[in-house]
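For reference, the chains in residue letters:
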Amino acid sequence: MLLQTAFNTLIPHELRSYLFHLIRKWFFKPHPNGLLTLVFDDNSSGGYARNEIYDAAEAYLATKISNKADCLRVTKTPGNKNLILSFEDNEKIYDEFKGVDLSWRFHRNTGSDPNKPTPEKRCFHLTLPKQDKDLILGSYIPFIIETVKRMRNNERVLKIHTIDRYSGGKWTNVNLKHPATFDTLAMEPSLKEAVIADMERFRCRKDFYKRVGRAWKRGYLLYGPPGTGKSSLIASMANYMKFDIYDLQLSSISDDSELRRVLLATANRSILVIEDIDCGGDLPDRKTAQVCNNPKFCFRFHSVSPQETTFDAVFLVQTSNANHNAYTRKPKITLSGLLNFIDGLWSSCGDERIIVFTTNHKDRLDSALLRPGRMDMHIHMSYCTSQGLKVLVQNYLGRDGGTHKLYGEIERLIEDAQVTPAQVAEKLMTSDDADVALDELLNFLMVKGGEATETTKTDSEIDEECD
Ligand SMILES: Nc1ncnc2c1ncn2[C@@H]1O[C@H](COP(=O)(O)OP(=O)(O)OP(=O)(O)O)[C@@H](O)[C@H]1O
Ligand SMILES: [Mg+2]
C-alpha cells in the first residue's frame, strides 16, 4: 500500500498512463482479431440524404479535440458566441468508450484536378478492435447521436439553408436571427391562436401519425397581398418551433431528380419554404413560347386524354432585355415531382417536417396543390385590421395606442383603407415621437381611404402591386 501510494504521488498521471500503455502493449496482444474501420460519409444513399451519423460525429468530435491536434479549422458565425473548431484533412482524434480505445480520422477530398472543381467529399474513419464491433455499433454510435441531440437542444442556433449553385447544388446555411415572433406579428388573434395550436398539436402527435399511417408532416399555404406578413409568419413559426428553415427557390432546380435530391437532403425538424408558388394559369400549347406573370416558373396543367391528366412546369427564361414578354421554354421540374414529395411516397422520407408555400394569388394555384390533405391549413394574411394595428403600435411605438388622441380615428379608418401591415409599419417608423408617427399614419389612411372609396382595387392593380 505504501509503495502504491508513493507511486501514485511521485509519478505524474500522464507518465503512469504511458507506463501502463507500454505494459499492455508488451504483455498482452491488444486486438486478437485485428482492427476494423468504419467509414461515415457526409452524404448517404449515394448523395441523396444527409448522413446523420457523420453530422453527429462532427459535432461530437469537436468536443474531443486535444491539445495534440496539428491543424484545425476555426470559424465563428455572427451571433454565435463560441468559436467553431473543425478538422483538417487527416486529423486524428482519440476517444474511449467502456474501456475500448477508438481512433477517428477525418478525410476531406476536393478532387485532384484544380481546374475541374468537384463537390467536396468528407468522411470520418473510425478504427476499433474487431471484437468490439457490436458494442460500438449498438451503444457508442447511439450514444454520440444522443449526446449531440442534447447539445443542440441546449444551444440551438436556428439556421436558414439555401441552395448554392457554386457548392455543387448542395444546401448551404447561415444563422437565422429573424426577430419575428408570434407576439410581434399583426394578425387576427383567433387565427394566430389557431396556427399556434395546430403546430403544438403537430409537435406532439408522432404516435398519432404512425397509427393512422401518415407521414409526420404538416403543410401550410400562406396567401395574401404583398407586405401582409407571410414571410414574417414563417420566421415566427421557425422561432416558435425552433426548426431550421430550408428556403427552396424552384428556379434554381434543374429537374425532378435534382428536386428529389435536395429535398431528401433536408433535415428533420425543419420548415421547407417555397415562396411565391403562383400558377401561370392554363396555357394552350406546350410548344409555343409562354408568357407568365411570374418570370421564375409556372405550373401548367394539361390533359393527355379524357381519363388522364398530367401537370407540368415550364421554366421561363427571358430571351431579350428589350422584349419583356419574350420568354422561351426550358423543361424544368414537374408539379407531380413536387407533389410526390409533399404527399406521395417520398413524403415518408423524414419526420417532423413542416412545408410552407406562399402566394400572392391563391386563385392562380393549381387545384392539385389545393386539394384537401395536401396543404393542411390555408392561412389568409389580410390587410391590416384594428387588432393588427394594436400590435404594430405596441411594437413600433412601445406603447398602448388606445391612450393616444389620434388612435380612435386611425382605428376607424384602418379596415376600409385596405393597407398592409408593412405600409402601417413604414409610417410608424417615421418618428420615435408617437404624435408625429400617428399623425403621419392618419394622413396616409385618409388618403388611402379616399382612394379606396373612389375605386375598389381591380385585379390588375393588385397584380401590379405584387409584381
Ligand atoms: N402581419 C405583420 N405583422 C408584423 N409586421 C409585418 C406584418 N406584415 C408585414 N410586416 C412588416 O413588413 C415587412 C414585410 O413583410 P413580409 O415580408 O412578411 O410580407 P410578405 O407578405 O411576405 O410580402 P411578400 O408577398 O412581398 O413576400 C416585414 O419585415 C414586417 O416588418
Ligand atoms: Mg414574403
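Residues numbered from 1 in each chain as written. Chains lettered and ligands numbered in written order. Predicted model: local features only at pLDDT ≥ 70, side-chain atom pairs only at ≥ 80, totals over all residues. Heavy atoms only, no water.

A closer look at a negative patch on the surface
Here's step 1: Where like charges cluster on the molecular surface, the negative patch consists of D432, D433, D435, D439 and E440.
Here's step 2: Locating D435 in the fold gives a position in helix α14 (residues 434-454).
Here's step 3: Since its relative accessible area comes to 39%, D435 is described here as partly exposed. (Patch = residues over 30% accessible without salt bridge, like charges linked within 9 Å, V, L, I, M, F, W, Y side chains within 5 Å. Areas by Shrake-Rupley, 256 points an atom, 1.4 Å probe, with all protein chains shown as cover. Salt bridge = Lys/Arg side-chain N within 4 Å of Asp/Glu carboxyl O. Lys, Arg positive; Asp, Glu negative; His and termini not counted. Charge placed at Lys NZ, Arg CZ, Asp CG, Glu CD. Helix = DSSP H or I, 4+ residues; strand = E, 2+ residues; numbered from the N terminus. Buried < 20%, exposed > 50% of the residue type's maximum accessible area, 1.4 Å probe, protein only.)

Quick notes on the pairing of strand β8 (residues 121-129)
Here's step 1: Of the strand pairs in this sheet, strand β1 (residues 35-41) and β8 are connected by seven bridges, and their pairing is antiparallel. Within β8, the position partnered with L36 by the bridge is L128.
Here's step 2: The pairing of strand β7 (residues 100-109) with β8 spans seven bridges and is classified as antiparallel. When the bridges of β8 are listed, F106 appears paired with F124. (Pairing = 2+ DSSP bridges.)

Section: the sheet that holds β8
Sheet strands associate in pairs through backbone hydrogen bonding, adopting either a parallel or an antiparallel arrangement.
Here's step 1: Spatial ordering of the open sheet is given by β1-β8-β7-β6, a layout of four strands whose pairing is antiparallel. Taken across any chain shown, the strands that pair with only one partner, and hence form the sheet edges, are β1 and β6 (92-97). In this sheet, neighbouring strand axes are inclined to one another by 25° on average, regardless of whether the strands run parallel or antiparallel.
Here's step 2: Along the sheet, helix α3 (residues 52-62) contacts β1, β6, β7 and β8; its crossing angle with β8, the most-contacted strand, is approximately 75°. (Axes fitted to C-alpha atoms, helices over the stretch in contact; angles between N-to-C directions. Contact = heavy atoms within 4.5 Å.)

Some words on the environment of D376
Here's step 1: Mapped onto the elements of the fold, D376 is located in the loop between α10 (367-370) and β18 (377-380).
Here's step 2: In this structure D376 comes out as partly exposed when scored by relative accessible area, which is 25%.
Here's step 3: For the pair D376 and I355, spaced 21 residues apart in sequence, the C-alpha to C-alpha distance is 9.7 Å.
Here's step 4: In contact with D376, other than residues within four places in its own chain, are R214, K217, R218 and G219.
Here's step 5: A distance of 3.5 Å separates polar atoms of two side chains, one belonging to D376 and the other to R218.
Here's step 6: Engagement of the side chain of D376 in a polar contact is seen with the backbone nitrogen of G219, the distance being 2.7 Å. (Polar contact = N/O pair within 3.5 Å; in protein donor to acceptor, adjacent residues only side chain to side chain.)

Some details on the pattern of salt bridges
Here's step 1: Enumeration according to the criterion identifies 15 salt bridges in this entry.
Here's step 2: K170 is the salt-bridge partner of D42, the closest N and O atoms lying 4.0 Å from each other. Here D42 is found in the loop between β1 and β2 (43-44), whereas its partner K170 is found in strand β10 (residues 170-175), with 128 residues between them in sequence.
Here's step 3: Accessibility expressed as a relative area gives 26% for K170, which makes it partly exposed.
Here's step 4: The closest approach of N and O atoms between E258 and R261, which form a salt bridge, is 3.7 Å. One end of the pair is E258 and the other is R261, both in helix α8 (residues 256-264) and three residues apart, which spans about a single turn.
Here's step 5: R261 sits in the partly exposed class, given a relative accessible area of 22%.
Here's step 6: One salt-bridge network, held together by shared partners, links D198, R201, R214, R218 and D376.

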